[in-house]
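Each chain, letter by letter, is given below.
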Amino acid sequence: RPDETHPGQIKQFATALELGGSAVGLLVNSYDGRPIKIEGNPNHPFSRGAADVIAQASVLELYDPDRGKDPIERTGNEQTVRSWSEAEAFLSDHFGRIKEQNGKKFAILSEASSSLSVEDMRRRLLEAFPEAKWYEYESISRDNEREGMRLAFGEPVRALPQLEQANVIVSLDADLFGSHPTAIQNASGFAKGRRPIQGEMNRLYAVEPRYTTTGAAADHRLGLPASQMESFALALIAELLFHQNVPPGMFFSVLKPMFEPYLQHPFDKKWMNALAEDLKASQGKCLVAVGAGYSPMTHIAAAMLNDILGNTGNTVVYCSDPDPARPSHLQAIMELTKEINAGGVDTLLMIGGNPAYDAPADLRFAEALKQVDNSIHLSLYPTETSALSKWYIPRAHYLESWGDARAYDGTISLIQPLIQPLYDGKSAVELLALVIGDDLTRGYDIVRRSLRTIFNNDSFDNSFRYWLHQGFIKNTRYDYYAPWYVNVNIQRALEEIEVEFPEPKAGDLEIVFYPDSKIYDGRFANNGWLQETPDFLTKLTWDNAALIAPETARTLGVRHGELIRLNYQGQSLDVAAYVMPGQAQNSVAVALGYGRTHAGRVGDGAGFAVHELRTAAAPYFGRGLTIERTGEKYELAITQDHFAIDAVGLKERSHRIHELIQEATLENYLADPECFKHQSHTPEVNLWKEHEYPKNRWGMAIDLNACIGCNACMAACQAENNIPVVGKKQVALSREMHWIRVDRYFSGDVNAPRIAYQPVACVHCENAPCEQVCPVGATVHTHEGLNVMVYNRCVGTRYCSNNCPFKVRRFNYFNNHKNLEPTEKMVFNPEVTIRSRGVMEKCTYCVQRIEAVKIDAKNNRREIRDGEITPACAQTCPTQAIVFGDLSDPESRVSQLRRDPRAYTLLGELNVKPRTAYLARIRNENPGLASPSSTEHNKPDAHG
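Note that the structure is predicted; figures quoted are calculated from it, not measured.

Draft legend 1. How the structure looks around the pairing of strand β24 (residues 571-579). As paired strands, strand β22 (residues 546-548) and β24 are joined by three bridges and run parallel to one another. Paired with A546 across the two strands is A577, which belongs to β24. The pairing of strand β23 (residues 562-568) with β24 spans six bridges and is classified as antiparallel. Opposite I564, over in β24, you have V575 as the bridge partner. Between the antiparallel neighbours β23 and β24 lie two residues, among them Q569 with a positive phi of about 50°.

See below:
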């Protein structure tokens, strides 16, 4: 066997995942040379040991049989599979001739990348082809923020929120915990300020047209159309300067009179005044953040707010932009399309991306691409763009590539392969090396060369090995920028803005485009784990939909699940309607990334192609949308009402029933920390002697105050425990197999509801109802208190599921692993049994991880340390809302949390004695905005 290998042992390697030009550090579990599980790198500043849904599911993409396997040459309507030697011969010959012409009519279109190696190869390519042009395009970018910072400070800078330092956080549709490039770090920092200890707790405000993960976690949320966000930000400045008398500073004094017209705003005066007072009271300890798609002026307003409130350098820091001269992504794709249509491009090399699918519809990039004589597309999958290209080149997955990328603050992260390329795909730098005719063709050598130009010293080899081990290079962030003044360009920008407060009418709606919470802009559409993960809010799987506010839907006569026709900018598209409480009035939100035609067997045909309505003039939102009813119905696979706990039926049987979600305001909780225990039930009498646990007694605690409903725990559980994908049809029949679900609860006004999340898996009852009814003893108790399944005993009666009050057991009606291809089987965790058809399965607290630590501790004759065993759900949670440990140890963290005044057990009055406890949610409401119902601890009264 190879040196330093131990068959059957999991080893971890550090790497990084780059998305949209920003990297996050990861640790990958490798089992006998197969990467099978993703974790966050605990030392990386932007992962902190956590990983989001996309990172967790990326390992499934590696083994996808739909990935491109061979180069393909297309001639007319015919395509021919070529060998790699044939493809390399073409590249060498073709680009050799172009090099003789200095790269005339040669263009490169690249997806965003922060890689030093890609940048080095770009420089070498432009030296070899001096007349070539390089363009960069991402359909989801932060270019509006970049332009706003350029106007505000004279040069483009990046704003880095520091949520750990903030007492008051204002999100103007910033989605700080979702699509933001520092989302994991933001969620971690936010959660650290949500521990109601000694009354110190941060407060989060959200102003947004649709619910984001940030808005769902907010203490106060205002539903506002996207077209009014710029006016709201300017009105907030006016409120602070004139009503709150916040000193504007030396340079702002000149601008102060220009904000006076915004005092006459139409927004909720009480809401605006309370927000401004809170910001003033927390000067230097507050933060204002704006969503990426909003106008540069909105981002300027956020920078001004942070500056006059003294937040700069405290709760928000700025770093230099890596490429200040780069045109925006939108400008790049527009310029390239214009160049192609003018006959200026004979050869187009496309590195990643899918512009034929996601470029603004009015540019008609797909039509332009057909005019290019020699188009070459490097992509993981044969996509819509590949189908129109003369050559398709398979790309290597990041888990089988050498590379590097930079985190959002510039920290250099190393990407190393964990497996030999399954289909001999090429990485971006390897393809560029072939195009240039570089002496180095291996990714390993190219990456080392690019890093050596920066870190050239005698100990480079040792340093490189250390960097690979760590996964990143310390102290390599971009230079921090200290903007102490606002550029005078702001004055000109303000002078050009007309004071208006647009209010969309029912017949003149606005449409908002946003990246999907799972498949992003469509690049992950063929990932079954992501397609089947319910959306954090809608609980929608395998689809997108048009989110409409209840009042707007009532005005239009639209019903939930109805197929409606969206008419916008001369284009029409039929989309299913989803009536969503909390959606801004007269604002319709649609998720991008669906409606793919060349995604693969999983993603083709899923959802609606709303990108066809997206224009270059308004890529993120715009007014002028009209809606027609078609009278047709559309089946949406929504999991919200699946496995519902019958709280109503339980109430009929017991007047002592608890609410499923317990919550209180911070004010009420501090006045009476024992308020949740006042609702406790009378202790029940056991009918038989309870189990005794002389050693370990495993348990879990979940802090609802920290949970943001991001679904990372669901994806981690699926990857760890070999949970199958069942498809849309089976999900619609309530047959999804996830062992953990994240219940979403609404409460309050349907137009402005509050939201709470509750992750629910098997709670491993001491007096488990499932064990009492199983006729074959398939579900039993262990000597450590785990409720386990013996699969080869189970005969599928499903009595245990009927008797489970928590509805956390899953029955596999089909053998979902039967027809998998060999590569698909490689993703399975060999430490977990592959279940066949006809057995019940459920959460095991990741018993395989428990046993692995127990064996190691026994072999080394030591005790198990607290925190040493971490189930997959707890390990990936960015807010550390889930804690696991030994209840027999009174000093363990889980034992301490269960003694917390907020701790309660779900349906504890049934005397089943769950091992999983919950910590009630505390809302830090502004007294000036507290609603009458906010004093009720248990407002949500049903699963839906």
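Draft legend 2. Geometry of the pattern of salt bridges. Within the structure shown, the criterion is met by 52 salt bridges. Here K37 makes a salt bridge to E39, at a shortest N to O gap of 3.2 Å. Classification of K37 by relative accessible area gives buried; the value is 2%. Across the pair R442 and D445 runs a salt bridge whose closest N-O atoms are separated by 3.0 Å.

Draft legend 3. Layout of the confidence of the model for the chain. Taken over all residues, the pLDDT of the chain has a mean of 89, while the share at 70 or more is 94%. In the predicted structure, residues 653-657 sits below a pLDDT of 50 and forms eight contacts with residues beyond four places in sequence or in another chain. Between residues 933-944, whose pLDDT stays under 50, and residues either more than four places distant or in other chains, the model counts 46 contacts.

Draft legend 4. Examining the packing of helix α7 (residues 229-243) against helix α10 (residues 296-308) more closely. It is the contact of α7 with α10, at a shortest axis distance of 9 Å, that shows an interaxial angle of 25°. Considered as vectors, α7 and α10 are oriented roughly parallel to each other. The chirality of how α7 crosses α10 is left-handed. Mapping the contact onto sequence places M229, E230, A233, L234, L236, I237, L240 and L241 in α7 and M297, T298, A301, M304, L305 and I308 in α10. Considered class by class, the residues forming the contact of α7 with α10 number 12 nonpolar, one polar and one charged.

Draft legend 5. Summary view of empty space enclosed by the protein. Applying the stated criterion to the full structure yields 12 cavities of 30 Å³ or more. Computed from the structure, the largest cavity encloses a volume of approximately 960 Å³. Lining of the largest cavity is provided by 47 residues; of these, E18, E111, G352, R395 and R523 occupy positions nearest its centre. Here the lining of the largest cavity is built from residues that sort into 20 nonpolar, 17 polar and 10 charged.

Draft legend 6. Geometry of helix α5 (residues 183-192). Most of α5 sits out of view: nine of its 10 residues are buried. In this structure, the buried residues of α5 make contact with β2 (22-31), β8 (157-161), β9 (168-172), β10 (203-208) and α6 (213-217).

Draft legend 7. Here's a closer look at the side chain of S188. Relative to the helices and strands, S188 resides in helix α5. Take S188: its relative accessible area is 11%, and that puts it in the buried class.

Draft legend 8. Representation of helix α15 (residues 428-436) in the model. Burial runs high along α15: eight of the nine residues are buried. Positive phi appears at G437, one or two residues downstream of α15, with a value of about 80°.

Draft legend 9. Looking closely at unusual backbone geometry. Positive phi outside glycine occurs at D175, with the angle close to 50°. With respect to the helices, strands and loops of the structure, D175 is situated in the loop between β9 and α5. Looking at D175, the relative accessible area reads 9%, which means it is buried. The backbone of D424 shows a phi angle near 60°, a positive value even though the residue is not glycine.

Draft legend 10. Here's a closer look at the layout of surface pockets. There is about 1,300 Å³ of room inside the second largest pocket. Lining the second largest pocket are 44 residues, and of these R849, E868, I869, T870 and Q875 sit closest to its centre. Every element with two or more residues in the lining of the second largest pocket is listed here: β1 (10-19), β2, β3 (34-40), α5, α28 (847-859), α29 (872-876) and β36 (882-886). For the lining of the second largest pocket, the element with the highest residue contribution is α28, accounting for six residues. Partitioned by chemical class, the residues of the lining of the second largest pocket number 17 nonpolar, 14 polar and 13 charged.

Draft legend 11. Representation of the sheet that holds strand β13 (residues 316-320). Read from one edge of the open sheet, three strands run β8-β13-β19, paired in antiparallel fashion. Single-partner strands in this sheet number two, and they are β8 and β19 (480-481). Summarising the sheet, β13 and β19 pair through two bridges and their orientation is antiparallel. Bridge assignment links C319 to a residue of β19, and that residue is Y480.

Draft legend 12. Summary view of the packing of aromatic side chains. Counted under the stated rule, the structure contains 21 aromatic pairs. Pairing F177 with F190 gives two aromatic rings, centres 4.9 Å apart and planes at 40°, and the pair type is tilted. Here F190 lies in helix α5 and F177 lies in the loop between β9 and α5, a separation of 13 residues in the sequence. Here the two residues F177 and F190 agree in accessibility, since each one is buried. Centre to centre, the rings of F608 and Y634 are 4.9 Å apart; their planes meet at 55°, and the pair counts as tilted.

Draft legend 13. Local environment of the sheet that holds β9. Taken together, the four strands give an open sheet; going across it, the order is β11-β10-β9-β12, and neighbouring strands pair in parallel fashion. Both edges of this open sheet fall to β11 (220-223) and β12 (286-290), since each of them pairs with a single strand only. Here the average twist between neighbouring strands, direction ignored, is 10°. Against the sheet, helix α9 (residues 269-281) contacts β9, β10, β11 and β12, and its axis sits at roughly 135° relative to β10.

Draft legend 14. Structural detail: the pairing of strand β5 (residues 78-81). Both strand β4 (residues 72-75) and β5 contribute to a ladder of four bridges, which runs antiparallel. Counterpart to R74 in the pairing with β5 is Q79. A loop of two residues connects β4 with β5, the two strands running antiparallel in sequence, and G76 in this loop sits at a positive phi of about 65°.

Draft legend 15. Region of the structure containing the side chain of E111. The topology assignment puts E111 in the loop between β6 (106-110) and α3 (116-128). In this structure the side chain of E111 is engaged in a polar contact, spanning 3.1 Å, whose partner is the backbone nitrogen of G353. Residues within four places of E111 in sequence aside, it is in contact with E136, Y137, E138, I351, G352, G353, R395 and R523.

Draft legend 16. Up close: the environment of S401. Here S401 lies in the loop between β16 (391-394) and β17 (403-406). The class of S401 is buried, set by a relative accessible area of 8%. Note: C-alpha distance between S401 and K37 (364 residues apart in sequence) is 17 Å. Setting aside chain neighbours within four positions, we find S401 in contact with A396, I415, Q416, P417 and S427. Within the local environment of S401, its side chain forms a polar contact with the backbone oxygen of H397, the two atoms lying 2.7 Å apart.

Draft legend 17. Expanded view of the environment of R74. Looking at the element boundaries, R74 is found in strand β4. Taking C-alpha positions, R74 is 4.9 Å from K390, a pair spaced 316 residues apart along the chain. Here R74 is in contact with Q79, S386, A387, S389, K390 and Y392, once residues within four sequence places are set aside. At a separation of 3.0 Å, a polar atom in the side chain of R74 contacts the main-chain carbonyl oxygen of S386.

Draft legend 18. A look at the packing of α3 against helix α16 (residues 443-452). Interhelical geometry of α3 versus α16 gives an angle of 90° and a closest axis separation of 9 Å. By the angle class used here, α3 and α16 are roughly perpendicular. Contacts between α3 and α16 involve L116, S117, D120, M121 and R124 from the former and I446, V447, R449, S450 and L451 from the latter.

Criteria and thresholds
- Residues numbered from 1 in each chain as written.
- Predicted model: local features only at pLDDT ≥ 70, side-chain atom pairs only at ≥ 80, totals over all residues.
- Heavy atoms only, no water.
- Pairing = 2+ DSSP bridges.
- Helix = DSSP H or I, 4+ residues; strand = E, 2+ residues; numbered from the N terminus.
- Salt bridge = Lys/Arg side-chain N within 4 Å of Asp/Glu carboxyl O.
- Buried < 20%, exposed > 50% of the residue type's maximum accessible area, 1.4 Å probe, protein only.
- pLDDT = per-residue confidence, 0-100.
- Contact = heavy atoms within 4.5 Å.
- Axes fitted to C-alpha atoms, helices over the stretch in contact; angles between N-to-C directions.
- Parallel < 35°, antiparallel > 145°, perpendicular 65-115°, else oblique.
- Left-handed = near helix turned anticlockwise from the far one by under 90°.
- Nonpolar A, V, L, I, M, F, W, Y, C, P; charged D, E, K, R; others polar.
- 1 Å grid on protein atoms, 1.4 Å probe; cavity = no way out; pocket = protein on both sides within 12 Å on 5 of 7 lines; lining within 4 Å.
- Points joined across faces, edges and corners; volume = space filled by probe spheres on them.
- Phe/Tyr/Trp six-rings, centres within 6.5 Å; stacked < 30°, edge-to-face > 60°.
- Polar contact = N/O pair within 3.5 Å; in protein donor to acceptor, adjacent residues only side chain to side chain.

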